[in-house]
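Chain residues, written in single-letter form:
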Amino acid sequence: QMQLVESGGALVQAGGSLRLSCAAAGRTFVSYAMAWFRQAPGTEREFVAAIGWSGGSTYYADSVKGRFTISGDNAKNTVHLQMNSLKPEDTAVYYCTARRWRGSVADYTTQGGYDLWGQGTQVTVSS
């Protein structure tokens, strides 16, 4: 069974930093892109950041641009999310995901652009 497992979620104060990690578990797989989405209570799941392995291009939601950085290792199917200058509105469950087909630019920022998901890790930012 192919799996993604997130880690690193915690309770931090506003202005603090966290580094989330996502690692593959179970059967190996090939991914063409990986990303982070998040979902706060009572809201829809939203795109946060993505990285395409082909050229290393990165994509960010406007709400996190300049504060978050996505990185990873395609060979290991791992991805990280460095989160700085955290705000209370960043509080959410963060999900790691992977795309197992080439896709296109339009696939980076939507849930439909990915097909393998982790169970999520909780990030709580207090004011």
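About the cut-offs
Residues numbered from 1 in each chain as written. Predicted model: local features only at pLDDT ≥ 70, side-chain atom pairs only at ≥ 80, totals over all residues. Heavy atoms only, no water. Pairing = 2+ DSSP bridges. Helix = DSSP H or I, 4+ residues; strand = E, 2+ residues; numbered from the N terminus. Axes fitted to C-alpha atoms, helices over the stretch in contact; angles between N-to-C directions. Phe/Tyr/Trp six-rings, centres within 6.5 Å; stacked < 30°, edge-to-face > 60°. Buried < 20%, exposed > 50% of the residue type's maximum accessible area, 1.4 Å probe, protein only. Lys NZ or Arg CZ within 6 Å of the ring centre and 35° of its normal.

Overview of the sheet that holds strand 7 (residues 68–73)
Right, so step 1: Strand order in the open sheet formed by four strands is 1-3-8-7, and the pairing between neighbours is antiparallel. Only two strands of the sheet have a single neighbouring strand rather than two, namely strand 1 (2–7) and strand 7. Between one strand and the next, the sheet's axes are offset by a mean angle of 20°, whatever the strand orientation.

Describing the packing of aromatic side chains
Right, so step 1: In total, this model carries four aromatic pairs according to the counting rule given.
Right, so step 2: Pairing F37 with F47 gives two aromatic rings, centres 5.6 Å apart and planes at 75°, and the pair type is edge-to-face. Of this pair, F37 sits in strand 4 (residues 33–39) while F47 is found in strand 5 (residues 46–52), placing the two residues 10 residues apart along the sequence. There is no split in this pair, since F37 and F47 are both buried.
Right, so step 3: A network of ring pairs unites the aromatic residues F37, F47, Y114 and W117 as a single cluster.
Right, so step 4: It is R99 that lies over the ring of Y108; its NZ or CZ is 4.6 Å from the centre.
Right, so step 5: Between the NZ or CZ atom of R99 and the centre of the ring of Y114, over which it lies, the distance is 5.1 Å.

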